[in-house]
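# What the coordinates show
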Amino acid sequence: MDIDRLIEDVKNYCASHLSEKRWAHSLRVAEMCAEICELSGYDTKKGYFCGIAHDICKEIDHDEMKKIVEESEYTITPSEYKKVSLLHGKAGAAFLKKNFGVDDSGVLFAIAYHVCGSADFGILGKALYVADKNERGRPHVKNDPDFVKKLYTNSVDDMFYYTVKGSYDYMVNKPGFIIMDDTMEVIRALGIAD
């Protein structure tokens, strides 16, 4: 996998296919994911690539999103059938494999499951999940100038735990919010809830 070429190719694609707001988010996620990877002694270019690419299918038509996943090795959960937009991670991984030749299983896994999280994440998956939820444009980060600095005092495992816990606390306090089955597996695996 020629990571430098892939970064350029996917950057060009995303810059022209995503809305300005989504593209700006992807750039911030890429920067933060690379930073977390660096702190963890992991490949920063892979982290940056995951951030750039993670929402590549976020804004496509839902029928197309579902079709991409149905034609891939990924399965669609009941939660994803109910809310098709949740499939954008799996669709993105399948799209990157088919159209850009991405063959790194760790990269594809991180992108496929960045929406719901995974108890099987390694450093890259955890870094992407944390970066996506805590990039510098998020309201809770903008409202606390020291948020990122405090976050970075933790190991990637602790960053992941605190991010999942924060998401869980938000979801359980939002009336009518349904937590995905895959996300509940992560929450249980981390001992956040039964």
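Because the structure is predicted, anything quoted here is derived from the model rather than measured. (Residues numbered from 1 in each chain as written. Predicted model: local features only at pLDDT ≥ 70, side-chain atom pairs only at ≥ 80, totals over all residues. Heavy atoms only, no water.)

### Structural notes on the pattern of salt bridges
Two side chains carrying opposite charge are able to pair once their charged atoms lie near each other. The tally for this structure, following the rule as stated, stands at 14 salt bridges. The residue Asp104 makes a salt bridge to Lys46 at a minimum N-O spacing of 2.6 Å. Residue Asp104 is located in the loop between helix 6 (88-100) and helix 7 (105-112), and its partner Lys46 is located in helix 3 (residues 44-53); the two are separated by 58 residues in the primary sequence. When its relative accessible area of 16% is taken as the criterion, Asp104 is described as buried. For the salt bridge of Glu80 with Lys90, the shortest nitrogen-to-oxygen distance reads 2.9 Å. Pair noted here: Glu80 is in helix 5 (residues 78-82) and Lys90 is in helix 6, with a separation of ten residues, a long-range link. Of the two residues examined, Glu80 and Lys90, each falls in the buried class. Several salt bridges converge on common partners, so that one network encompasses Glu31, Glu35 and Arg136. (Salt bridge = Lys/Arg side-chain N within 4 Å of Asp/Glu carboxyl O. Helix = DSSP H or I, 4+ residues; strand = E, 2+ residues; numbered from the N terminus. Buried < 20%, exposed > 50% of the residue type's maximum accessible area, 1.4 Å probe, protein only.)

### Examining the side chain of Glu80
In this structure Glu80 comes out as buried when scored by relative accessible area, which is 2%. The residues contacting Glu80, other than those within four sequence positions of it, are Thr75, Leu86, Leu87, Lys90 and Met180. (Contact = heavy atoms within 4.5 Å.)

### Observations regarding the packing of aromatic side chains
Enumeration over the complete set of coordinates arrives at nine aromatic pairs. Taken together, a centroid distance of 5.9 Å and an interplanar angle of 70° make the contact between Phe121 and Phe160 edge-to-face. Here Phe160 lies in helix 11 (residues 156-172) and Phe121 lies in the loop between helix 7 and helix 8 (123-134), a separation of 39 residues in the sequence. Residue classification places Phe121 among the buried positions, given a relative accessible area of 6%. Three or more aromatic residues joined by ring pairs make a cluster, and in this case those are Tyr74, Phe109, Tyr113, Phe121, Tyr129 and Phe160. (Phe/Tyr/Trp six-rings, centres within 6.5 Å; stacked < 30°, edge-to-face > 60°.)

### Some remarks on the nonpolar core
Judged by nonpolar contacts, the single largest core of 67 residues is most densely connected at Val10, Ile36, Phe49, Leu96, Ile111 and Ile187. Here this core gets seven residues from one element, more than from any other, and that element is helix 2 (residues 20-39). If we ignore the near neighbours within four places in the chain, the residues touching Val10 are Phe49, Ile52, Ala53, Ile56, Leu96 and Phe100. (Core = buried A, V, L, I, M, F, W, Y, C linked by side-chain atoms within 4.5 Å.)

### Here's the deal with the side chain of Ser79
With respect to the helices, strands and loops of the structure, Ser79 is situated in helix 5. Overall, Ser79 belongs to the buried group, its relative accessible area being 13%. With residues up to four places along the chain from it excluded, the contact list for Ser79 reads Leu86, Met180 and Asp181.

### Considering the environment of Ile179
With respect to the helices, strands and loops of the structure, Ile179 is situated in the loop between helix 11 and helix 12 (181-189). When its relative accessible area of 16% is taken as the criterion, Ile179 is described as buried. Setting aside chain neighbours within four positions, we find Ile179 in contact with Tyr168, Met171, Val172, Met184 and Ile187.

### Notes on the packing of helix 1 (residues 3-17) against helix 6
Across the interface, helix 1 lies against helix 6 with an axial gap of 12 Å and an inter-helix angle of 115°. As summarised for this structure, helix 1 and helix 6 are arranged roughly perpendicular, according to the angle between their axes. The hand of the helix 1/helix 6 crossing is right-handed. Between helix 1 and helix 6, the contacting residues are Arg5, Leu6, Asp9, Val10 and Tyr13 on the first element and Phe95, Leu96 and Phe100 on the second. Here the contact of helix 1 with helix 6 is built from residues that sort into six nonpolar, no polar and two charged. (Axes fitted to C-alpha atoms, helices over the stretch in contact; angles between N-to-C directions. Parallel < 35°, antiparallel > 145°, perpendicular 65-115°, else oblique. Left-handed = near helix turned anticlockwise from the far one by under 90°. Nonpolar A, V, L, I, M, F, W, Y, C, P; charged D, E, K, R; others polar.)

### Focus on a negative patch on the surface
Taken together, the side chains of Asp61, Asp63, Glu64, Glu70 and Glu71 define an acidic patch exposed on the protein surface. Relative to the elements of secondary structure, Glu64 occurs in helix 4 (residues 62-70). Glu64 gets classed as partly exposed once you look at its relative accessible area, which sits at 36%. (Patch = residues over 30% accessible without salt bridge, like charges linked within 9 Å, V, L, I, M, F, W, Y side chains within 5 Å. Areas by Shrake-Rupley, 256 points an atom, 1.4 Å probe, with all protein chains shown as cover. Lys, Arg positive; Asp, Glu negative; His and termini not counted. Charge placed at Lys NZ, Arg CZ, Asp CG, Glu CD.)

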